[in-house]
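For reference, the chains in residue letters:
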Amino acid sequence: MIHIVTAENTARYADALEQAWRLRHRVFVEEKGWSDLARPDGREIDGFDDAHALHMLAIEAGTVVGYQRMLPTTRPYLLTEVLSELCEVEPPRSPHVWEWTRYAVERGHRDRGRILSPVGSALLTGIVEWGLESGVDAIVIEMNPLWLLRLVQLHFRVTPLGLPRPIAGEDTVAVSAAFDARTLARLRAVRGDDASVLSARPPRPLRLAS
């Protein structure tokens, strides 16, 4: 199940968030080699992990096996502040558009080729479920261009925001990916399960317009 963590319920997820920071460090620093993010305590955490961030945790038997972070585009976010060279148009800024970042899945729970793993598909489905309930209908993503076809096949309406550029040794493209009820239906069909992936909804308010 996917757990949503906001500033309002962080205390309940203190241990899970510690696991998430360490998962991020393993994936982005130790595996991908993003040495600028390295910390001696083995926790990958940055200035965007503030009161406005929304964290989604995939938890199995008390262990965080997947993670992703959502940032409101109404405030400074990764694309505008760190990866602005990827954007050749006006960056999206709307309470209805959030940025999807720091997607990380534990080894043994990852996709195999073009097949989304149960954890990966649950995380992506969680974004769409949460978005449709919260007035969010698009996400900004900085990703490998190979993800483009996958997103289209999952019925996201993808618009590139610029051309791919090498970031930390990997081609990366910024896109806006819009979604609606058809996207959710497609994701549930791929999963073979119509049940919600969200374990609980976050407390109000969601800070969508902050």
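A few points on the structure. (Residues numbered from 1 in each chain as written. Predicted model: local features only at pLDDT ≥ 70, side-chain atom pairs only at ≥ 80, totals over all residues. Heavy atoms only, no water.)

### Brief notes about the pattern of salt bridges
If you walk through the whole model with that rule in mind, you get 15 salt bridges. The partner of Glu44 in a salt bridge is Arg24, with the nearest N and O atoms 2.9 Å apart. Here Arg24 lies in helix H1 (residues 14-31) and Glu44 lies in the loop between H1 and strand S2 (54-60), a separation of 20 residues in the sequence. We note that Glu44, like Arg24, is buried. Residue Asp180 is joined to Arg157 by a salt bridge in which the shortest nitrogen-to-oxygen separation is 3.1 Å. You can see Asp180 sitting in the loop between strand S8 (170-178) and helix H5 (181-191) and its partner Arg157 sitting in strand S6 (residues 157-160), a full 23 residues away along the chain. Taken together, the salt bridges that share partners define one network made up of Arg24, Glu44, Asp46, Asp49, Arg69 and Arg102. (Salt bridge = Lys/Arg side-chain N within 4 Å of Asp/Glu carboxyl O. Helix = DSSP H or I, 4+ residues; strand = E, 2+ residues; numbered from the N terminus. Buried < 20%, exposed > 50% of the residue type's maximum accessible area, 1.4 Å probe, protein only.)

### Comments concerning the environment of Leu161
Its location among the elements puts Leu161 in the loop between S6 and strand S7 (165-167). With 71 residues separating them in the primary sequence, Leu161 and Glu90 have C-alpha atoms 8.5 Å apart. Beyond its immediate stretch of four places on either side in the chain, Leu161 contacts Leu79, Leu86, Cys87, Glu88, Val89, Pro92, Val140, Ala174, Val175 and Ser176. (Contact = heavy atoms within 4.5 Å.)

### Remarks on the pairing of S8
Of all the 9 residues making up S8, 7 are buried; the element is thus mostly covered by neighbouring parts of the structure. Of the pairings in the sheet, the one linking S6 to S8 comprises 4 bridges and is antiparallel in character. Its bridge partner lying in S8, Pro160 is registered against Val175. Here S7 pairs with S8 via 3 bridges, running antiparallel. Among the inter-strand pairings, Ile167 is bridged to a residue of S8, identified as Glu170. (Pairing = 2+ DSSP bridges.)

### A look at the packing of aromatic side chains
In total, this model carries 7 aromatic pairs according to the counting rule given. Through a chain of ring-to-ring contacts, three or more aromatic side chains come together here, namely Trp100, Tyr103 and Trp147. A cation over an aromatic ring shows up here: Arg102 above the ring of Phe28, its NZ or CZ 5.5 Å from the ring centre. (Phe/Tyr/Trp six-rings, centres within 6.5 Å; stacked < 30°, edge-to-face > 60°. Lys NZ or Arg CZ within 6 Å of the ring centre and 35° of its normal.)

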